[in-house]
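What the coordinates show
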Amino acid sequence: MTDFATRLTAAVRIHGPLCVGIDPHPGAVPALFGGDTAEGLRNWGLAVVEAAAGKVAAIKPQAGLFERQGPEGMAALQAVTRAARAAGLLVLMDAKRGDIGSTAEGYAAAYLSPGGPFESDALTVNPYMGLDTLEPYARAAEASGKGVIVLVRTSNPGAADFQGKDVSGAPLYARVAEALRPLTDRLMSASGWSNLMIVVGATAPEEARAVRALAPKALFLIPGYGAQGAGAAEACAGLVDGQGGLVNASRSVTFPPGSAGAADKASWLAAVEAAILAAREDLKQAAGVA
């Protein structure tokens with residue numbers, strides 16, 4: 001069994017660091033696929049998987065945007081997740097779970113256990129309630145070769161409200177990165193990278209470099225490239241020779257110009273595949289990889 005970090009570094013070596021976010025925002029899914037319905041989310045999500053397969057290392061479904069459609073929406077999420085893994089894509093489930101240990105065990109079973117209903121390669125989690133709440137995910141990672149993705153410095157405008165607050169001479173996000181060192185070491189992989197991944201937004205490249213110094217072996221998940229305003233050079237600030245993480249792009253590659261009004265699936269695929277390939281090459285160039 002190969003672990004998450006080994007699978008990720010091998011895929012990035014082939015495809016570069018682009019990760020395609022699957023974020024079915026209300027009203028955004030084209031009528032071609034069924035619009036803003038559970039069926040539409042399923043059809044559109046499967047089409048995104050088809051467009052991404054063989055071109056990128058990973059996808060990142062946003063669980064909350066499927067959850068809003070109820071049980072049928074969660075069935076759509078399940079179908080998209082399973083199709084992506086069957087197509088050879090790594091699945092980073094963006095659910096940002098965070099709760100006490102016994103509840104976290106349920107989340108870990110749902111998203112990280114082999115054969116679980118939403119089995120993924122890694123899951124985003126929130127450390128705000130303390131390091132003990134990360135333990136169920138760490139055990140799942142150890143048992144099944146999965147990854148744990150911890151929020152550290154996010155890309156949203158309000159990130160500085162708490163993450164930038166001074167804590168004994170350093171911002172809170174830096175203290176979180178420091179506190180994660182033992183878990184990073186514990187989840188080290190033969191790849192040279194840890195199965196502990198941390199979220200560091202592309203919109204704060206200097207902070208990304210500071211976090212890299214604090215966490216030299218942690219993988220980075222880097223949101224904020226594309227529609228959120230960060231360029232490729234900013235997004236790749238925390239990478240090391242093109243390795244050490246993934247850069248996520250969602251709206252810029254799944255809702256590119258020409259896709260919303262596409263007359264048929266073939267036209268839609270052409271627009272989305274072109275956007276994915278353009279972003280992939282942009283990031284590979286910025287990261288300095290062939």
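Residues numbered from 1 in each chain as written. Predicted model: local features only at pLDDT ≥ 70, side-chain atom pairs only at ≥ 80, totals over all residues. Heavy atoms only, no water.

As for the overall build of the protein chain
For the protein chain, the count of helices and strands is 13 helices and 10 strands. For 290 residues, the compact-globule formula gives about 19 Å, and the C-alpha radius of gyration of the protein chain, at 18 Å, lands near that figure. In terms of principal-axis extent, the alpha carbons of the protein chain reach across some 55 × 40 × 40 Å. For the protein chain, the residues scored as buried account for 55% of the 290 residues in total. Considering only residue pairs separated by 6 or more positions, the protein chain has 71% of its internal contacts joining residues 24 or more positions apart. Taken as a whole, the protein chain presents about 11300 Å² of accessible surface, with 55% of it coming from carbon and sulfur. For the protein chain, the distance from the average position of its 24 positive side-chain charges to the average position of its 27 negative side-chain charges is 3 Å. (Helix = DSSP H or I, 4+ residues; strand = E, 2+ residues; numbered from the N terminus. Rg over C-alpha atoms; globule rule 2.2 N^0.38 Å. Buried < 20%, exposed > 50% of the residue type's maximum accessible area, 1.4 Å probe, protein only. Contact = heavy atoms within 4.5 Å. Areas by Shrake-Rupley, 256 points an atom, 1.4 Å probe, with all protein chains shown as cover. Lys, Arg positive; Asp, Glu negative; His and termini not counted. Charge placed at Lys NZ, Arg CZ, Asp CG, Glu CD.)

Examining the state of the cysteines
With the rule as written, the count across this model stands at zero disulfides. Free cysteine Cys19: the closest other cysteine sulfur is in Cys236, separated by 13 Å. (Disulfide = S-S within 2.5 Å.)

Concerning the sheet that holds strand β8 (residues 196–200)
Strand order in the closed barrel formed by eight strands is β1-β2-β3-β4-β5-β8-β9-β10, with parallel pairing between adjacent strands. Neighbour to neighbour, the strand axes of the sheet diverge by 30 degrees on average, direction disregarded. Pairing analysis gives four bridges linking strand β1 (residues 18–22) to strand β2 (residues 58–61), with the strands arranged parallel. Within β2, the position partnered with Cys19 by the bridge is Ala58. (Pairing = 2+ DSSP bridges. Axes fitted to C-alpha atoms, helices over the stretch in contact; angles between N-to-C directions.)

Concerning the pairing of strand β5 (residues 147–153)
In terms of residue burial, β5 counts as a mostly covered element, since seven of its seven residues are buried. Where strand β4 (residues 122–125) lies against β5, four bridges are found, and the strand directions are parallel. If you follow Thr124 over to β5, its bridge partner there is Ile149. In the classification by handedness, the crossover that spans β4, the intervening helix α6 (residues 135–144) and the parallel β5 is right-handed. Bridge count between β5 and β8: five bridges; the pairing is parallel. Counted as the bridge partner of Val148 is Leu196 from β8. (Right-handed = clockwise from strand over helix to strand, strands pointing away.)

Some thoughts on the nonpolar core
Membership of the largest hydrophobic core comes to 77 residues, with the highest contact counts inside it found for Val20, Ile59, Leu196, Ile198, Trp268 and Ile276. The element contributing the most residues to this core is helix α13 (residues 265–287), with eight residues. Apart from the residues lying within four places of it in its own chain, the contact partners of Val20 are Val48, Ala52, Val56, Ala58, Ile59, Lys60, Asn248, Ala249, Val253, Thr254 and Ile276. Counting 19 residues, the second-largest nonpolar core is a separate cluster that includes Ala5, Leu8, Ala57 and Trp193. (Core = buried A, V, L, I, M, F, W, Y, C linked by side-chain atoms within 4.5 Å.)

Describing helix α10 (residues 205–214)
Considered for burial, the residues of α10 that qualify are Pro205, Ala208, Val211, Arg212 and Leu214. With its buried residues spanning 165 degrees around the axis, α10 presents them on a single face. Opposite the buried face of α10, at more than 90 degrees from it, the exposed residues are Glu206 and Ala213. Where α10 is buried, its residues touch α8 (172–179), α9 (181–186), β8, β9 (219–222) and α11 (232–235). (Arc of directions from axis to C-beta.)

Details of the pairing of β2
Of the two faces of β2, the one holding Ala58 and Lys60 and the one holding Ile59 and Pro61 are both buried throughout. As for the winding sense of the linkage, the β-α-β connection from β1 through helix α2 (residues 38–52) to β2 is right-handed. As defined by bridge partners, β2 adjoins strand β3 (residues 90–97) across two bridges and the pair is classed as parallel. Within β3, the residue paired with Ala58 across the bridge is Leu90.

Quick notes on the packing of helix α5 (residues 101–112) against α6
In contact at an axis separation of 8 Å, α5 and α6 are set at 35 degrees when each is read in the N-to-C sense. Viewed along their axes, α5 and α6 form a crossing whose handedness is right-handed. Contact residues: Gly101, Ala104, Glu105, Tyr107, Ala108 and Leu112 in α5; Pro136, Tyr137, Arg139, Ala140 and Ser144 in α6. Here the contact of α5 with α6 is composed, by residue class, of seven nonpolar, two polar and two charged. (Left-handed = near helix turned anticlockwise from the far one by under 90°. Nonpolar A, V, L, I, M, F, W, Y, C, P; charged D, E, K, R; others polar.)

Here's the deal with the environment of Leu269
With respect to the element layout, Leu269 can be found in helix α13. On the basis of relative accessible area, Leu269 is assigned to the buried category, the value being 12%. Each C-alpha atom of the pair Leu269 and Leu18 lies 18 Å from the other, and the pair is 251 residues apart in sequence. Setting aside residues no more than four positions away along its own chain, Leu269 makes contact with Ala47, Glu50 and Ala51.

By themselves, these are just geometric observations and shouldn't be taken as functional.
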